[in-house]
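Read off the chains here:
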Amino acid sequence: QVAFVESGGGLVQAGGSLRLTCEASESTSSFRMKTMGWYRQAPGKQRELVATIRNGPITDYIDSVKGRFTISRNTLKRTVYLQMNDLKPEDTGVYYCKSIYAPATAAWGPGTQVTVSS
């Protein structure tokens, strides 16, 4: 059972932009209480947490994407977004969204591929 489905990835040249969307299959009442995160996994690398957002909204980012990425959410629509500007080749990877405090056994969504060319 997949809780979130990601979309919006693609192939873009360095300096370009993409907007990723994460759609929740759960109820609004459940979704609104969760801190959500965007993760990415580069080829041959471990999955890493890129950005988080609480209901406040309070956001946080890893240093490498600060000033370039913006995470946001629409609780009523049960969606989380990741606006990515000034993309770099090192941003390449499969991007996933998930609740930060989900059980370890919780399933990941299919992810969406982001490829940034030089």
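Refer to the structure presented above.
Residues numbered from 1 in each chain as written. Predicted model: local features only at pLDDT ≥ 70, side-chain atom pairs only at ≥ 80, totals over all residues. Heavy atoms only, no water.

> I would appreciate a short explanation of the overall build of the protein in the present structure.
Looking only at helices and strands, the protein features one helix and ten strands. In summary, the protein has a C-alpha radius of gyration of 13 Å against a globular reference of 13 Å for 118 residues, a match within 12%. Per-residue burial over the protein gives 40% buried out of 118 residues. Excluding contacts between residues fewer than 6 apart, the proportion of contacts in the protein whose partners are at least 24 apart in sequence is 53%. Within the structure as shown, the protein displays about 6500 Å² of accessible surface, and the carbon and sulfur contribution to it stands at 49%. Averaging the coordinates of the 14 positive side-chain charges in the protein and doing the same for the 9 negative ones gives two points 6 Å apart. (Helix = DSSP H or I, 4+ residues; strand = E, 2+ residues; numbered from the N terminus. Rg over C-alpha atoms; globule rule 2.2 N^0.38 Å. Buried < 20%, exposed > 50% of the residue type's maximum accessible area, 1.4 Å probe, protein only. Contact = heavy atoms within 4.5 Å. Areas by Shrake-Rupley, 256 points an atom, 1.4 Å probe, with all protein chains shown as cover. Lys, Arg positive; Asp, Glu negative; His and termini not counted. Charge placed at Lys NZ, Arg CZ, Asp CG, Glu CD.)

> Please explain the state of the cysteines as it appears in this structure.
Linking two cysteines covalently through their sulfur atoms gives a disulfide. Taken as a whole and judged by the stated rule, the model has one disulfide. The side chain of Cys-22 participates in a disulfide bridge whose partner is Cys-97; the two sulfur atoms lie 1.7 Å from each other. Between Cys-22 and Cys-97 the disulfide shows an S-S torsion of about 70°. By sign, it is right-handed. One end of the pair, Cys-22, is in strand S3 (residues 18-24); the other, Cys-97, is in strand S9 (residues 93-99), and 75 residues separate them in sequence. For Cys-22, a relative accessible area of 1% translates into the label buried. (Disulfide = S-S within 2.5 Å.)

> Honestly, the sheet that holds strand S7 (residues 69-74) in this entry has me stumped. Any pointers?
Strand pairing within a sheet occurs via backbone hydrogen bonds; the two strands may be parallel or antiparallel. Strand order across the open sheet formed by four strands is S1-S3-S8-S7, with antiparallel pairing between neighbours. Lying at the two open borders of the sheet, with one neighbouring strand each, are strand S1 (4-7) and S7. When the angles between neighbouring strand axes are averaged without regard to direction, this sheet yields 15°. For S7 and strand S8 (residues 79-84), the ladder comprises six bridges, and the chain directions are antiparallel. (Pairing = 2+ DSSP bridges. Axes fitted to C-alpha atoms, helices over the stretch in contact; angles between N-to-C directions.)

> In this structure, what is going on with the layout of surface pockets? I would like to understand it.
To find leftover empty space, one rolls a probe the size of a water molecule over the atoms. Within this model, the largest pocket holds a volume of roughly 150 Å³. Of the residues contributing to the lining of the largest pocket, the split by class is seven nonpolar, two polar and two charged. (1 Å grid on protein atoms, 1.4 Å probe; cavity = no way out; pocket = protein on both sides within 12 Å on 5 of 7 lines; lining within 4 Å. Points joined across faces, edges and corners; volume = space filled by probe spheres on them. Nonpolar A, V, L, I, M, F, W, Y, C, P; charged D, E, K, R; others polar.)

> So what exactly am I meant to see when it comes to the pattern of salt bridges here?
When their charged atoms lie close together, side chains carrying opposite charge are able to pair. This model, assessed by the stated rule, comprises four salt bridges. A salt bridge links Arg-40 to Glu-48, with the shortest nitrogen-to-oxygen separation between them at 2.9 Å. The buried category is assigned to Arg-40, whose relative accessible area is 6%. In this structure, Lys-66 and Asp-63 form a salt bridge, with 3.2 Å as the shortest nitrogen-oxygen distance. Under the relative-accessibility criterion, Asp-63 is labelled exposed at 65%. (Salt bridge = Lys/Arg side-chain N within 4 Å of Asp/Glu carboxyl O.)

> Help me out: how do you make sense of the pairing of S8 in this one?
If a strand is regular, its side chains alternate between the two faces of the sheet. Of all six residues making up S8, five are buried, and the element is well covered by its neighbours. In this structure, S3 lies alongside S8, joined through six bridges in antiparallel fashion. Pairing of Cys-22 across the sheet is with Val-80, part of S8. Hairpin connection, S7 to S8: the antiparallel pair is bridged by four residues, and Arg-78 has positive phi, about 55°.

Geometry only, nothing functional implied.
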